[in-house]
Amino acid sequence: RQRDIAERGYLVEAFVPLVDKCKELGRAMRIGTNHGSLSSRVLSFYGDTPRGMVESAIEFADIARQRDYHNFVFSMKASNPVVMVQA
């Protein structure tokens, strides 16, 4: 649990500067998840599933929304087309 909190903190710390810069410049952002690259924290909660992909993307979107940044799109990538469509 402590490791999950630390990983989440690092994610926020690393992502917020990008969000702020995109907001400042009026640029759009693509929030993408790759089925084969889900974090160990996401895998521990959701397993190797389409839901894990969605939850990972939503986590980034929530951070952006907390900064009042909404100019983003989602992109899901998986080598298995069924998983990608389900996500």
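Attention here is on the structure that accompanies the text. Quantities reported herein were computed from a predicted structural model and do not represent experimental measurements.

### With respect to the environment of Val42
(1) Moving on: Locating Val42 in the fold gives a position in helix H2 (residues 40-46).
(2) Moving on: Overall, the relative accessible area of 5% leaves Val42 in the buried class.
(3) Moving on: Taking the C-alpha atoms as reference, Val42 lies 15 Å from Val12; in sequence the two are 30 residues apart.
(4) Moving on: The residues contacting Val42, other than those within four sequence positions of it, are Gly47, Gly52 and Ser56.

### Regarding the nonpolar core
(1) Moving on: In terms of nonpolar packing, the biggest core is built from 13 residues, with Phe15, Val19, Met29, Ile31, Ala64, Tyr69 and Phe72 touching the most fellow members.
(2) Moving on: Those elements that place two or more of their residues in this core are helix H1 (2-25), strand E1 (29-34) and helix H3 (50-66).
(3) Moving on: At 5 residues, H1 tops the list of elements feeding residues into this core.
(4) Moving on: In terms of nonpolar packing, the next biggest core, distinct from the first, is built from 5 residues, Leu38, Val42, Met53 and Ala78 among them.

### Observations regarding the pattern of salt bridges
(1) Moving on: Evaluated as defined, the whole model comprises 6 salt bridges.
(2) Moving on: The partner of Asp68 in a salt bridge is Lys23, and the shortest N-O contact between them spans 4.0 Å. Taken together, the residues span a long stretch of sequence, with Asp68 in the loop between H3 and strand E2 (72-77) and Lys23 in helix H1 at a distance of 45 residues.
(3) Moving on: The class of Asp68 is partly exposed, set by a relative accessible area of 49%.
(4) Moving on: Residue class for Lys23 comes out partly exposed when judged on its relative accessible area of 39%.

### A look at the side chain of Thr33
(1) Moving on: Position of Thr33 relative to the elements: it lies in strand E1.
(2) Moving on: A relative accessible area of 5% means that Thr33 is categorised as buried.
(3) Moving on: Ignoring sequence-local partners within four residues, the contact set of Thr33 consists of Met53, Ser56, Ala57, Ser75, Met76 and Lys77.

### Some thoughts on H3
(1) Moving on: When the terminal C-alpha atoms of H3 are compared, their 24 Å separation across 17 residues agrees well with the 24 Å that a helix rising 1.5 Å per residue should span.
(2) Moving on: Looking at H3, one finds that the buried residues are Pro50, Gly52, Met53, Ser56, Ala57, Glu59, Ala61, Ile63 and Ala64.
(3) Moving on: Looking one or two residues beyond H3, the residue adopting positive phi is Asp68, at roughly 60°.

### Considerations on the packing of aromatic side chains
(1) Moving on: Within the structure shown, the criterion is met by 4 aromatic pairs.
(2) Moving on: With 6.4 Å between their ring centres and 35° between their planes, Tyr69 and Phe72 make a pair best called tilted. Here Tyr69 matches Phe72 in class, with each residue buried.
(3) Moving on: Through pairs of rings, three or more aromatic residues link up here, namely Tyr69, Phe72 and Phe74.

Calculation notes
- Residues numbered from 1 in each chain as written.
- Predicted model: local features only at pLDDT ≥ 70, side-chain atom pairs only at ≥ 80, totals over all residues.
- Heavy atoms only, no water.
- Helix = DSSP H or I, 4+ residues; strand = E, 2+ residues; numbered from the N terminus.
- Buried < 20%, exposed > 50% of the residue type's maximum accessible area, 1.4 Å probe, protein only.
- Contact = heavy atoms within 4.5 Å.
- Core = buried A, V, L, I, M, F, W, Y, C linked by side-chain atoms within 4.5 Å.
- Salt bridge = Lys/Arg side-chain N within 4 Å of Asp/Glu carboxyl O.
- Expected span 1.5 Å × (residues − 1).
- Phe/Tyr/Trp six-rings, centres within 6.5 Å; stacked < 30°, edge-to-face > 60°.

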